[in-house]
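Observations on the model geometry
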Amino acid sequence: MLGCVLEHETPEGLVAVELTEVEAYAGDIDPASHAYRGKTARNAVMFGPPGFAYVYFTYGMHFCVNVVCLPEGTANAVLLRAGRVIAGEDLARRRRASRRPAPEGSVVPAARPVLPARELTRGPARLCQALAIGRVRNGADLCDPASPLRLRGADGRGGTGGTGGKGAVSAGPRVGVSAGAETNWRFWRSDDETVSAYRPSQPRAPRVRSAS
DNA sequence: CGTCGGATAATCT
DNA sequence: GATTATCCGACGA
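Bear in mind the structure is a predicted one, so any value in this text is a computation, not a measurement.

**A short note on the overall build of chain A**
- Within chain A one finds 2 helices and 8 strands.
- Along chain A, helices (α) and strands (β) appear in the sequence β-β-β-β-β-α-α-β-β-β when read from the amino end.
- Residue burial in chain A is summarised as follows: out of 212 residues, 41% are buried.
- Excluding contacts between residues fewer than 6 apart, the proportion of contacts in chain A whose partners are at least 24 apart in sequence is 59%.
- Element-wise, carbon and sulfur atoms account for 54% of the exposed surface of chain A, whose accessible area totals about 12,000 Å².

Here it is as structure tokens:
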């Protein structure tokens, strides 16, 4: 799936990325998968036919998008973690511009730093923000060229991805997972600056309430 | 450049 | 009530 192109067409315009980093999740045999404990309302799309988008909401503020794989009844998916913007960079940058509150006592809004191109879709939630992928795209048909959210080969047809002969593919542990952390099911284009930084799972201490 | 804490709510136990 | 397939800004080197 590396090297394939994900496109989202909205009234605001089209943004497309060439995928540079993905992670595999293997349903019932994979403790890191959302489908590990069976079918629920959230993960239902993963149990359906392949080629559809599984979009989920996490950490109270972020969306991530997966491509459902393997036949109906199985629950496998590939998480799209990063890409390189190849169309609609302006729109992507506007969607990604973070809004900081005006400094205290100031009427002028804080200056917005210009985001480097490599930061636009570096990470699964950033990718979704740049492409404006949200809940309404859960279940979208990625293989239908008429779908607003679609996936295609880098050659404009159904061609395979990989690195297009331009380099190597690396593999390593998945980001942010606790169970199944030893499985090397994260794949990325070697030496690509759009690939997200690896962070091991960091369980946070439960929030303690002040005793007083 | 790196590490660290906070935000914030759906989902599941 | 705990956990989470994350990101951002602050701060220090």
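**Comments concerning the side chain of Ser-196**
- Inspection of the secondary structure puts Ser-196 in the segment after strand E8 (186-189).
- On the accessibility criterion, Ser-196 (9% relative accessible area) is buried.
- Discounting chain neighbours no more than four positions away, the residues touching Ser-196 are Glu-21, Arg-81, Ala-82, Arg-122, Gly-123 and Arg-186.

**Some details on the side chain of Ser-33**
- Inspection of the secondary structure assignment puts Ser-33 in the loop between strand E2 (13-26) and strand E3 (53-58).
- Within the local environment of Ser-33, its side chain forms a polar contact with the backbone nitrogen of Ala-35, the two atoms lying 3.0 Å apart.
- Those residues within four positions of Ser-33 in sequence are excluded, and the remaining contacts are Tyr-25, Ala-26, Gly-27, Met-46 and Ala-75.

**Observations concerning the pairing of strand E5 (residues 76-87)**
- Counting buried residues in E5 gives 9 out of 12 residues, a clear majority hidden from the surface.
- Inspection of the sheet shows E2 paired to E5 by 10 bridges, in the antiparallel sense. Bridge pairing in E5 places Glu-21 opposite Ala-82.
- With 4 bridges joining them, strand E4 (residues 62-69) and E5 adopt antiparallel strand pairing. Its bridge partner lying in E5, Val-68 is registered against Ala-77.
- Counted along the chain from E4 to the antiparallel partner E5, the turn is 6 residues long, and its residue Leu-70 has a positive phi close to 65 degrees.

**Things to note about the packing of helix H1 (residues 89-96) against helix H2 (residues 124-131)**
- Between H1 and H2, the shortest axis-to-axis distance is 7 Å and the interhelical angle comes to 115 degrees. Crossing hand, H1 versus H2: right-handed. Facing Ala-92, Arg-95 and Arg-96 of H1, the residues of H2 in contact are Arg-126, Gln-129, Ala-130 and Leu-131.
- When its residues are assigned to classes, the contact of H1 with H2 shows 3 nonpolar, 1 polar and 3 charged.

Calculation criteria
Residues numbered from 1 in each chain as written. Chains lettered and ligands numbered in written order. Predicted model: local features only at pLDDT ≥ 70, side-chain atom pairs only at ≥ 80, totals over all residues. Heavy atoms only, no water. Helix = DSSP H or I, 4+ residues; strand = E, 2+ residues; numbered from the N terminus. Buried < 20%, exposed > 50% of the residue type's maximum accessible area, 1.4 Å probe, protein only. Contact = heavy atoms within 4.5 Å. Areas by Shrake-Rupley, 256 points an atom, 1.4 Å probe, with all protein chains shown as cover. Polar contact = N/O pair within 3.5 Å; in protein donor to acceptor, adjacent residues only side chain to side chain. Pairing = 2+ DSSP bridges. Axes fitted to C-alpha atoms, helices over the stretch in contact; angles between N-to-C directions. Left-handed = near helix turned anticlockwise from the far one by under 90°. Nonpolar A, V, L, I, M, F, W, Y, C, P; charged D, E, K, R; others polar.

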